[in-house]
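Each chain, written out:
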Amino acid sequence: MKKFAKMSLVAAVAVAGLSTTSSAKALEEAIKNVDVSGTVVYRYDDRAYDVQASDKDTNNYKIGLTLKSKVNDDVTAVTRFLVAGADGGFASLNHTTGTDNDGNKHGDTNVDVTLSNVYFSYTGIANTTVNVGKQGLTTPWTVAIDADGNEQTGTGILALTNVGPVTLAGAYFNQTNLNASGAVTLDGVAVGDGAKTTTYLGGDKNVVTVGAMANIGPVALDAWYLDMQDSFDTFTVGATAKFDLDAVKLSVGARHTALDADKELVNSAFAKEDNSLTKVNVGLKAGIFGGSVEYGWTDSEGGLVALDDDANTGMLGWTLNLNGVADAKFLKINANAQVLPSLNLALNYNILDKDKTTTRAEDLTDKEYYLQASYQMSKNFGGYIRLGKAELERVNDSDNDGTIGRLQVQYSF
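Just so we're clear, the structure is a prediction, and the values are computed from it rather than from any experiment.

Brief notes about the overall build of the protein
Part 1 of the argument: When helices and strands are counted, the protein shows three helices and 22 strands.
Part 2 of the argument: Split into buried and exposed, the 413 residues of the protein put 39% on the buried side.
Part 3 of the argument: Counting contacts in the protein only where the partners sit at least 6 residues apart, residues at least 24 apart contribute 54% of the total.

Structure (structure tokens):
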């Protein structure tokens with residue numbers, strides 16, 4: 001991270017919160033112990049399907065800015081500002097057709113700046129960190145900070161402590177933003193094949209979680225438990241390992257997650273009480289070539305185990321998603337080549353196989369395949385282009401094929 005004084009992007013944010021009578025010296029004193037990090041992301045998505053209701057043509061933006069200010073030797077104040085959507089994800093600043101009441105044509109829209117995190121981090125106890133305040137929900141079921149996605153936050157306390165090779169975690173939150181950023185989407189629940197329903201969890205529910213993480217040689221292990229008041233309880237266990245075999249670098253991993261929903265939420269947020277998702281993966285790299293295979297499956301009753309599709313407990317492709325799909329199997333295949341130090345070319349092929357269930361009248365298979373070119377112009381600036389095709393079965397009672405494209409650019413500081 002760079003010193004705050006060197007970052008012109010954040011100067012406006014800092015000055016906006018100061019009185020007009022503040023002196024230059026006061027400003028210098030206020031920011032001399034402040035570090036800054038963040039991202040600026042632009043994304044353009046263009047999708048054209050046979051079923052036009054599925055078409056998508058959007059310009060998306062997100063700016064995240066994290067400030068860390070040293071209060072004293074033991075305490076650091078942390079704040080995070082977002083220029084983003086209401087859920088902490090992308091803001092779609094799209095032009096619209098037509099005119100307003102004054103006869104002016106609609107154009108780009110704007111979004112507000114929000115304070116996403118504000119907490120104090122205490123490190124006065126050896127090998128221990130305690131965060132108190134509004135902070136990211138750092139769990140396997142949620143995403144605390146994401147440059148190009150929505151973020152889950154909660155107000156409460158999180159403690160981490162190292163005991164030899166083991167890190168123990170515990171947290172309690174008395175409110176969260178899961179009412180806006182905790183959308184759970186179910187596939188084909190009581191409303192026909194291909195249909196999806198989205199429900200938001202209550203933001204006023206207490207959340208308690210405990211976890212343990214350990215590194216044993218090349219293997220990293222973790223186990224977590226989480227309970228959300230009057231909603232569900234869930235556990236997850238995972239393992240990853242990396243091996244350097246001279247000419248080949250190999251990585252393997254596995255994770256199993258189970259979620260038991262309270263009866264009050266069944267058929268609203270959850271299809272069934274019992275939900276589980278298990279996934280395994282293997283990856284390798286040899287010279288400029290690399291590749292990976294990931295395979296996952298869900299319980300015959302329910303497969304909803306993540307509160308954000310990008311979370312570790314879920315399994316996400318591009319347009320395809322295993323989280324929330326009951327009795328399904330998901331295969332993801334990637335092959336890539338680092339053709340230049342700054343350019344990577346990749347081919348991706350994903351298959352989502354959904355078996356017949358009581359709420360799904362027939363077996364369905366969705367596919368997507370796409371090329372991706374990733375270019376890293378410098379350490380802090382890069383992006384990628386994707387072009388491909390999606391083949392979706394039984395969407396709104398008919399098959400739905402389409403071309404899919406994306407351009408994304410990201411600046412990090």
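Here we look at the pairing of strand β2 (residues 34-49)
Part 1 of the argument: Here β2 runs beside strand β3 (residues 56-70); their pairing, made up of 14 bridges, is antiparallel. Directly across from Tyr44, in β3, lies its bridge partner Asn59.
Part 2 of the argument: As judged from the eleven bridges shared by β2 and strand β22 (residues 398-412), these two strands associate in the antiparallel manner. Across the sheet, the residue bridging to Val41 is Gln410, located in β22.

Things to note about the pattern of salt bridges
Think of it this way: side chains of opposite charge can pair up when their charged atoms draw near.
Part 1 of the argument: Applying the stated criterion to the full structure yields nine salt bridges.
Part 2 of the argument: Between Arg80 and Glu151 there is a salt bridge whose closest N-O contact spans 2.8 Å. Here Glu151 lies in the loop between β7 (128-136) and β8 (153-163) and Arg80 lies in strand β4 (residues 75-83), a separation of 71 residues in the sequence. For the residue pair Arg80 and Glu151, the accessibility class agrees, reading buried in each case.
Part 3 of the argument: We note a salt bridge from Glu294 to Lys332, for which the minimum N-O separation is 3.8 Å. Of this pair, Glu294 sits in strand β17 (residues 289-298) while Lys332 sits in strand β18 (residues 328-340), and the two are 38 residues apart along the sequence.
Part 4 of the argument: For Glu294, a relative accessible area of 17% corresponds to the buried category.
Part 5 of the argument: Residues joined by salt bridges that share partners form a network here, namely Lys62, Arg80 and Glu151.

Observations regarding the confidence of the model for the protein
Part 1 of the argument: Across the protein, the average pLDDT comes to 86, with 82% of residues at 70 or higher.
Part 2 of the argument: For residues 1-22, every residue scores under 50 in pLDDT, and the model assigns this stretch 30 contacts once sequence neighbours within four places are set aside.
Part 3 of the argument: Here residues 188-194 is a poorly scored stretch, pLDDT under 50, and it has 16 contacts once near neighbours within four places are set aside; other chains count.

Quick notes on unusual backbone geometry
Part 1 of the argument: Of note, the phi angle at Asn127 is positive, near 60°, even though the residue is not glycine.
Part 2 of the argument: Of note, Asn127 is situated in the loop between β6 (113-122) and β7.
Part 3 of the argument: Phi is positive for Asp230, close to 55°, though the residue is something other than glycine.
Part 4 of the argument: Looking at the secondary structure, you find Asp230 in the loop between β13 (219-228) and β14 (232-245).

Some thoughts on the side chain of Gln372
Part 1 of the argument: Inspection of the secondary structure puts Gln372 in strand β20 (residues 364-378).
Part 2 of the argument: Here Gln372 falls in the buried class, since its relative accessible area comes to 15%.
Part 3 of the argument: There is a polar contact of 2.5 Å between the side chain of Gln372 and the side chain of Arg386.
Part 4 of the argument: Setting aside residues up to four positions removed in sequence, Gln372 forms contacts with Asn344, Leu345, Ala346, Asn348, Tyr384, Ile385 and Arg386.

Description of the pairing of strand β16 (residues 274-286)
Part 1 of the argument: Direction of pairing for strand β15 (residues 248-261) relative to β16: antiparallel, over a ladder of 13 bridges. When the sheet's bridge partners are listed, Val252 is paired in β16 with Val282.

A few points about the environment of Gln152
Part 1 of the argument: With respect to the secondary-structure elements, Gln152 resides in the loop between β7 and β8.
Part 2 of the argument: You can call Gln152 buried: its relative accessible area is 0%.
Part 3 of the argument: Not counting residues within four places of it along the chain, the set of residues in contact with Gln152 comprises Gln135, Gly136, Leu137, Thr142, Val143, Ala144, Asn177, Leu178, Ser181, Leu307 and Asp308.
Part 4 of the argument: Looking at Gln152, its side chain comes within polar contact range of the main-chain nitrogen of Val143, at 2.7 Å.
Part 5 of the argument: Of the polar contacts made by the side chain of Gln152, one reaches the side chain of Asp308; its length is 3.0 Å.

As for the nonpolar core
Part 1 of the argument: Grouped together as the largest cluster of nonpolar side chains are 32 residues, with contacts concentrated most on Leu178, Leu201, Met228, Phe232, Leu322, Phe330 and Leu352.
Part 2 of the argument: Elements supplying a minimum of two residues to this core: β9 (166-176), β13, β15, β18 and β21 (381-395).
Part 3 of the argument: Membership of the second largest hydrophobic core comes to five residues, among which are Val34, Val36, Leu67 and Phe413.

Focus: the side chain of Asn400
Part 1 of the argument: Along the chain, the position of Asn400 falls in strand β22.
Part 2 of the argument: Exposure remark for Asn400: the relative accessible area of 0% places this residue in the buried category.
Part 3 of the argument: In this structure the side chain of Asn400 is engaged in a polar contact, spanning 3.2 Å, whose partner is the backbone nitrogen of Asp50.

Examining the environment of Phe173
Part 1 of the argument: Positionally, Phe173 belongs in strand β9.
Part 2 of the argument: Residues Phe173 and Met228, spaced 55 residues apart in sequence, show a C-alpha to C-alpha distance of 9.6 Å.
Part 3 of the argument: Among residues more than four places away in sequence, those in contact with Phe173 are Gln135, Leu137, Gly154, Thr155, Gly156, Lys205, Asn206 and Val207.

Analysis parameters
- Residues numbered from 1 in each chain as written.
- Predicted model: local features only at pLDDT ≥ 70, side-chain atom pairs only at ≥ 80, totals over all residues.
- Heavy atoms only, no water.
- Helix = DSSP H or I, 4+ residues; strand = E, 2+ residues; numbered from the N terminus.
- Buried < 20%, exposed > 50% of the residue type's maximum accessible area, 1.4 Å probe, protein only.
- Contact = heavy atoms within 4.5 Å.
- Pairing = 2+ DSSP bridges.
- Salt bridge = Lys/Arg side-chain N within 4 Å of Asp/Glu carboxyl O.
- pLDDT = per-residue confidence, 0-100.
- Polar contact = N/O pair within 3.5 Å; in protein donor to acceptor, adjacent residues only side chain to side chain.
- Core = buried A, V, L, I, M, F, W, Y, C linked by side-chain atoms within 4.5 Å.

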